[in-house]
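Notes for the structure review
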Amino acid sequence: MKTVKQLLSTKSAEIFSVSADVSVLDGLQVMMEKNISALLIMEERKLLGIFTERDYARKIILQGKTSVDTPIHEVMTALPITVSTADSLDHCMQTMTDKHIRHLPVIQDEELIGMVSIGDVVKFIIEDQKQTISQLESYISS
């Protein structure tokens, strides 16, 4: 069973975050610059929440708020669901499916160490399956 730790070892360790008092517009600017669809909201080293494109659509646009005047902490998803490095990728996929979310911050020893997306999980599983198929084909042909 593949784990979050194994997945994290294959991707950049960079974590994109902003503080809780920045405007939604500033958060969206970071998301655009980094080409990401979710942004972690942090104070010091503590995870406060996550802000996603879905939060923007549902909590800004549909509620008639403005990106310039709204602090990101008012519309973030507070206390997001997290996973640990020991969790399996199957657990991540099941959690994302059940909770209708696409991003899971990774916590180890009460510290944020990364984030995995549904895209990360699917890509990792596909690559792992390709490698397994290649090994089986090699074994069969020898």
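Residues numbered from 1 in each chain as written. Predicted model: local features only at pLDDT ≥ 70, side-chain atom pairs only at ≥ 80, totals over all residues. Heavy atoms only, no water.

**As for the side chain of Asp-55**
One can find Asp-55 in helix α3 (residues 53-61). What makes Asp-55 buried here is its relative accessible area of 6%. Side chain to side chain, Asp-55 and Thr-77 meet in a polar contact 3.1 Å long. (Helix = DSSP H or I, 4+ residues; strand = E, 2+ residues; numbered from the N terminus. Buried < 20%, exposed > 50% of the residue type's maximum accessible area, 1.4 Å probe, protein only. Polar contact = N/O pair within 3.5 Å; in protein donor to acceptor, adjacent residues only side chain to side chain.)

**Here we look at the sheet that holds strand β1 (residues 17-18)**
Pairing within the open sheet is mixed, and its four strands lie in the order β1-β2-β3-β4. Looking at the sheet topology across the chains shown, the edges are occupied by β1 and β4 (77-78). Relative to strand β2 (residues 38-43), β1 is paired through two bridges, and the arrangement is parallel. Looking at β2, one finds that Val-18 is bridged to Ile-41. Here α3 sits on the sheet and contacts β3 (46-52) and β4; the angle it forms with β3, its principal contact strand, is near 70 degrees. (Pairing = 2+ DSSP bridges. Contact = heavy atoms within 4.5 Å. Axes fitted to C-alpha atoms, helices over the stretch in contact; angles between N-to-C directions.)

**A look at the environment of Gly-64**
Structurally, Gly-64 can be placed in the loop between α3 and β4. With 58 residues separating them along the chain, Gly-64 and Gln-6 place their C-alpha atoms 42 Å apart.

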